[in-house]
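Examining the three-dimensional arrangement
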Amino acid sequence: MRIPINEVTPDIERAEIAGWVHEVRDLGGLTFFLIRDRTGIVQVTIVKKKAPAAVLEAAKAVSRESVVRVAGTVKAIDKAPGGRELNPDTFEIVSACASPLPLDVVEKVPADLDTRLDARFLDVRKPRVAAVFKVRSAVTAAAYDFFTQRGFYNITSPKIVAAATEGGTELFPIAYFEKEAFLNQSPQLYKQMMMAAGFEKVFEIGPIFRAEEHNTVRHLNEATSIDVEVSFADHEDVMKILEELVAHQYAVVADRCSDALAEMGVEEFEVPKAPFPRIAYADAIEIAAGKIEEPIACGDDLSTPAERAIGDEMGEHYFIVDWPSAIRPYYAMPYEDDPAICKAFDMMHPRMELSSGAQRVHQHDLLVEQIQAKGLNPENFEFYLQPFAYGMPPHAGWGLGMERLVMTMLGLQNIREAVLFPRDRHRVVP
Ligand code: ATP
Ligand code: MG
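Reading guide: rules and limits
Residues take numbers from 1 onward in each chain, read along the sequence in its written order. Each chain gets a letter, beginning with A, and each ligand a number, beginning with 1, in the order they are written. Owing to the predicted nature of the model, reporting of local features is limited to residues with pLDDT of at least 70; listing and counting of side-chain atom pairs is limited to 80 or more, with chain, interface and lining totals taken over all residues. Excluding hydrogens and water, the side-chain values take into account all heavy atoms of the structure. The way it works is that DSSP assigns letters per residue, a run of H or I at least four long becomes a helix, a run of E at least two long becomes a strand, and they are numbered from the N terminus. Think of it in three bands: with a 1.4 Å probe and only protein chains considered, a residue is buried below 20% of the maximum accessible area for its type, exposed above 50%, and partly exposed in between. Any two residues having at least one pair of non-hydrogen atoms within 4.5 Å are treated as being in contact. To measure how exposed things are, a 1.4 Å probe is used in the Shrake-Rupley method; for residues, cover is taken only from the protein chains shown. Metal-coordinating donors are taken as N, O and S atoms lying within 2.8 Å of the metal, or within 3.2 Å when the metal is Na, K or Ca; because water is left out, some sites can appear incomplete. What makes two strands pair is DSSP finding at least two bridges between them. An axis is simply a line fitted to the C-alpha atoms; with a helix, the fit covers only the stretch in contact. Between two such axes, the angle follows the N-to-C directions and lies from 0 to 180 degrees. Being near a molecule or strand, for a residue, means having at least one of its heavy atoms within 4 Å of it. Residues adjacent in sequence count toward polar contacts only when both atoms are side-chain atoms; beyond that, a polar contact is any pair of N or O atoms within 3.5 Å, and within protein one must be able to donate a hydrogen and the other to accept it. Residues are grouped as follows: nonpolar covers Ala, Val, Leu, Ile, Met, Phe, Trp, Tyr, Cys and Pro; charged covers Asp, Glu, Lys and Arg; every other residue, Gly included, is treated as polar. Each aromatic pair joins two rings of Phe, Tyr and Trp (for Trp, the six-membered one) with centres within 6.5 Å, and gets the label stacked for planes under 30 degrees apart, edge-to-face for over 60, and tilted for any other angle. For classification, angles of less than 35 degrees are called roughly parallel, those exceeding 145 degrees roughly antiparallel, those between 65 and 115 degrees roughly perpendicular, and all remaining angles oblique. It is the rotation of the near helix from the far one that decides the hand of a crossing: anticlockwise by less than a right angle makes it left-handed, clockwise makes it right-handed. Every helix has an expected span of 1.5 Å times one less than the residues it contains. Residues forming no salt bridge and having over 30% relative accessible area are the ones grouped into patches, like charges within 9 Å of each other and nonpolar side chains (Val, Leu, Ile, Met, Phe, Trp, Tyr) within 5 Å. The rule for a salt bridge is simple: a side-chain nitrogen of Lys or Arg has to be within 4 Å of a carboxyl oxygen of Asp or Glu. For the purpose of counting charges, residues Lys and Arg are taken to be positive, whereas Asp and Glu are taken to be negative. His and the chain ends are not included. Every charge is mapped onto a representative atom, which is NZ of Lys, CZ of Arg, CG of Asp or CD of Glu.

Scanning the protein chain from terminus to terminus reveals twelve helices and 16 strands. Referenced to the eigenvectors of the C-alpha coordinate spread, the extents of the protein chain come out at roughly 85 × 55 × 40 Å. Relative to its 430 residues, the protein chain shows a buried fraction of 49%. In the protein chain, of all internal contacts separated by at least 6 residues, the share reaching a separation of at least 24 is 64%. Of the accessible surface of the protein chain, which amounts to about 20,800 Å², a share of 52% is contributed by carbon and sulfur atoms.

Protein coordination at the magnesium ion (ligand 2) comes from Glu353 (OE) and Ser356 (OG), with a distance range of 2.1 to 2.3 Å. Under the relative-accessibility criterion, Glu353 is labelled partly exposed at 21%.

Attention now moves to the sheet that holds strand 3 (residues 40-47). Spatially, five strands are ordered 1-2-3-5-4 in a closed barrel, and the strand pairing comes out mixed. Mean inter-strand twist for the sheet, computed between neighbouring axes without regard to direction, equals 55 degrees. In this sheet, strand 5 (residues 84-95) lies alongside strand 3 in parallel orientation, the contact comprising two bridges. Residue pairing in the sheet places Gln43 in a bridge with Glu85 of strand 5. Packed onto the sheet, helix 1 (residues 53-61) meets strand 2 (30-37), strand 3 and strand 5 and runs at close to 70 degrees relative to strand 5.

By nearness alone, 14 residues border ligand 1, and Glu212, His219, Leu220, Glu353 and Leu354 come closest of all. In this structure, an oxygen atom belonging to ligand 1 sits 2.5 Å away from a side-chain N or O atom of His219. Ser356 is positioned such that a nitrogen or oxygen atom in its side chain is 2.9 Å from an oxygen atom of ligand 1. Every element with two or more residues in the shell around ligand 1 is listed here: strand 15 (352-359) and strand 16 (395-401). Ranked by the residues each element gives to the shell around ligand 1, the list is headed by strand 15, at four residues. Classifying every residue of the shell around ligand 1 gives four nonpolar, five polar and five charged.

Turning our eyes to something else, we now look at the environment of Arg404. Take Arg404: it is sitting in helix 12 (residues 402-410). Its relative accessible area of 14% is what places Arg404 among the buried residues. In this structure the C-alpha to C-alpha distance between Arg404 and Asn6, which are 398 residues apart in sequence, comes to 31 Å. Residues contacting Arg404, with those up to four places away along its chain left out, are Arg218, His219, Met352, Glu353, Leu354 and Ile415. Reaching out from Arg404, the side chain makes a polar contact with the side chain of His219 at a distance of 3.3 Å.

Quick look at the packing of aromatic side chains now. One pass over the full model with this rule turns up 16 aromatic pairs. For the ring pair Tyr250 and Phe269, a centre distance of 5.5 Å and an interplane angle of 25 degrees mean the geometry is stacked. One end of the pair, Tyr250, is in helix 6 (residues 235-256); the other, Phe269, is in the loop between helix 7 (258-263) and strand 12 (278-280), with 19 residues separating them in the sequence. For the pair Tyr250 and Phe269, one class covers both residues: buried.

A few words on the packing of helix 4 (residues 127-149) against helix 12. One way to put it is that helix 4 packs onto helix 12 with a least axis distance of 10 Å and a crossing angle of 125 degrees. Classified by the interaxial angle, the pair formed by helix 4 and helix 12 is oblique. Crossing handedness for the pair helix 4 and helix 12: right-handed. Contact with helix 4, carried on its side by Val132, Val135, Arg136, Val139 and Thr140, involves Met402, Glu403, Leu405, Val406, Met409 and Leu410 of helix 12 and no other residues of that element.

Here helix 4 contains 23 residues, and its C-alpha end-to-end distance of 32 Å stays within 8% of the 33 Å for a straight helix at 1.5 Å per residue. The set of residues buried in helix 4 consists of Val129, Ala131, Val132, Phe133, Val135, Arg136, Ala138, Val139, Ala142, Ala143, Phe146 and Phe147. Just downstream of helix 4 lies Gly151, where phi reads positive at about 75 degrees.

Here the focus is a negative patch on the surface. A surface patch of negative charge is lined by Glu267, Glu268, Glu270 and Glu316. Note on placement: Glu268 falls in the loop between helix 7 and strand 12.

In structure tokens, the structure reads:
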């Protein structure tokens, strides 16, 4: 029976493995194969004088990156990867690989990101690239564990919607029978409706679609959001949940992904500790103003250089709180004693924003007022506004970008490295 390659150890006698031909070295009397599966690599050594004819024939015919099934005796060998090798008595080509390969899996020939993404299934055969997705999988699993332990309901909101969450232009229209519809940019309104439904604590991990025109290293047109909404909670309560979640996700990766981290060459993996420092928006602006060339003043959105300048100063994960109401969405709750600022926050990695959240306005009339103040028409929000008239509890929540979380966690330079099949301005294939 086939066993994973990392279970082939010098202390077992025989093993059967299956995987891809990673490398072949023919030294005349000896042929060395490196065979790879998702757990590791093993050396398969064929001594031409001793090997059965069928093994020799297959070994001669096989091309790199073909799928093979190999069985034989295991021998301890210091110089081989993992300190062992396999001497096969069977060597079967299960599925041959055509050549030339569109991408070099052993990375002797460097490839640019576009070439890699064009042949992504081959690109992720590279252990170093696959490791990113092992970590991402653990980050996702850690979130499900975290929320389940805390009694959150996992919800699924529709991705085909009739109206924008925030009325913005960042929407993809789609042909939906006779109507116009859009791909949803955020589960925001639906999470809030589930507060009116009495669910109290919900989360969703799902796609968000943003028709951002610009091509940057931290924007995708289809991203994954970890979304949370909690009733009878204010912004402080949900900031606590957010920082504890992120600290937990890092801790899980440190604990369960040491092989993947080593594969990626991550030497020091620091787990952030909750609570993260809080800085008021006005103070953040002051830091940025002292460090960047372009003018910046209270009331401005944070530009990329401003974010970086503040991040350099903070040097760890942190929250920016007390934002001007004017630059936050209509659903952010203004402070009672100073409505010019609101109970919104961003959670930041020193390199970029990871999450935005707020205590929400739960009072129907105030919400209508705030929608109008943003120049939007409340009539377009009828389905959303209705629950606010029928017993809406106070609530707060946030959305955390999965790809940015993984990207900053692993020090990746481009967000596309954190997605299997990125969607950007120029790419809808594969
Ligand atoms: P930014 O200003 O950095 O473009 P945003 O404020 O527009 O982000 P939000 O609407 O606050 O984004 O979304 C919450 C989180 O979702 C962001 O902090 C980010 O982590 C993630 N996110 C939003 N848009 C994108 C995108 N286009 N690509 C990748 N992640 C995104
Ligand atoms: Mg934001």
